[in-house]
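One-letter residues, chain by chain:
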Amino acid sequence: MKIGMLGSGGVAQTLAAGFLKHGHDVTLGTRHPDKLNEWRTRNSAARTGSFADAAAWADLIVLAVKGSAAAEALRQAGSGNVAGKVVIDTTNPIADAPPDHGVLKFFTSLDQSLMEGLQREFGAVRFVKAFNSVGAGLMVNPHVKGGPPSMFICGNDAAARQVVNGILEQFGWDTVDLGAAEAARAIEPLCMLWCIPGFLRNEWSHAFKLLR
Ligand SMILES: NC(=O)c1ccc[n+]([C@@H]2O[C@H](COP(=O)([O-])OP(=O)(O)OC[C@H]3O[C@@H](n4cnc5c(N)ncnc54)[C@H](OP(=O)(O)O)[C@@H]3O)[C@@H](O)[C@H]2O)c1
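Everything quoted here is computed from the prediction, not taken from an experiment.

### So, the overall build of the protein
Looking only at helices and strands, the protein has nine helices and eight strands in total. Its C-alpha atoms give the protein a radius of gyration of 16 Å, near enough to 17 Å, the size a compact globule of 212 residues would have. For the C-alpha atoms alone, the extent of the protein along its principal axes is close to 40 × 35 × 35 Å. Once local pairs closer than 6 in sequence are excluded, the contacts in the protein between residues at least 24 apart make up 69%.

Dropping the structure here:
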């Protein structure tokens with residue numbers, strides 16, 4: 001598939017390398033393509049461009065920007081360029097405030113997730129929440145004791161969730177499909193839980209597993 005990444009940070013770069021490793025084509029979209037010159041020399045098969053370039057070119061889009069900029073990045077990508085496409089939403093609604101005893105602050109509530117807001121604004125987009133509940137370093141074929149770990153996903157389009165399930169299998173994850181977009185109210189806060197051992201004890205190498 002042609003994968004358009006909206007974002008240039010640790011998540012976008014890590015997932016882009018994962019998609020290349022698994023035989024996909026990648027364009028990384030950013031407001032500042034020049035800052036990726038060094039990254040491009042290490043990933044010569046990938047392209048870079050604007051958010052709109054990446055979205056227009058892609059079959060499937062990965063949204064990997066700061067949570068508070070997620071809607072703005074999609075607007076810059078262009079609603080016509082994202083309409084009808086599967087968008088993997090990796091974002092978390094982390095507020096601009098320090099963690100409280102290791103617990104991140106969110107700018108959303110337990111009754112309203114970031115992804116539901118995006119789905120309302122971009123009604124034609126097939127959003128699927130995924131990859132938000134683990135650190136970037138573990139997103140691609142993670143090696144953890146007792147693995148493969150679980151990746152919790154949700155989104156309103158069942159066929160889109162199936163597409164993302166296929167990608168997660170390639171990336172070494174056991175998918176836990178939690179249904180419609182409302183489940184993002186529970187999946188986004190998993191990021192808070194995942195980060196607590198990191199902030200308290202500098203432990204960042206774990207992943208969740210649903211036992212059944
Ligand atoms: N880091 C992790 O381990 C991790 C794990 C799971 C989920 N996440 C989530 O994944 C997302 C990406 O995380 P990250 O750590 O890779 O990067 P980040 O530092 O959270 O975000 C960097 C990206 O945000 C974009 N951005 C910032 N302000 C913007 C604005 N006003 N308009 C448009 N774009 C803007 C930047 O675009 P430019 O390229 O144009 O500068 C850049 O690509 C976040 O929502 C994060 O919560 C992160």
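Moving on, there is more to tell.
### Considering the pairing of strand β7 (residues 150–153)
Going residue by residue along β7, you find S150 and F152 tucked away on one face and M151 and I153 tucked away on the opposite face as well. Bridging between β7 and strand β8 (residues 174–177) involves four bridges; their strand directions are parallel. Residue pairing in the sheet places S150 in a bridge with D174 of β8. Regarding topology, helix α7 (residues 158–170) serves as the crossover connection from β7 to the parallel β8, and that connection is right-handed.

### Focus on helix α9 (residues 190–201)
Between its first and last C-alpha atoms α9 spans 18 Å; for 12 residues at 1.5 Å apiece the expected length is 16 Å, and the two agree. Of all the positions in α9, only L190, C191, M192, W194, C195, P197 and G198 are classed as buried. Elements in contact with the buried residues of α9: β7 and α8 (184–187). Following α9 by one or two positions, N202 has its phi on the positive side, about 55 degrees.

Thresholds, definitions, all that
Residues numbered from 1 in each chain as written. Predicted model: local features only at pLDDT ≥ 70, side-chain atom pairs only at ≥ 80, totals over all residues. Heavy atoms only, no water. Helix = DSSP H or I, 4+ residues; strand = E, 2+ residues; numbered from the N terminus. Rg over C-alpha atoms; globule rule 2.2 N^0.38 Å. Contact = heavy atoms within 4.5 Å. Buried < 20%, exposed > 50% of the residue type's maximum accessible area, 1.4 Å probe, protein only. Pairing = 2+ DSSP bridges. Right-handed = clockwise from strand over helix to strand, strands pointing away. Expected span 1.5 Å × (residues − 1).

Treat this as a map of the structure, not an account of what it does.
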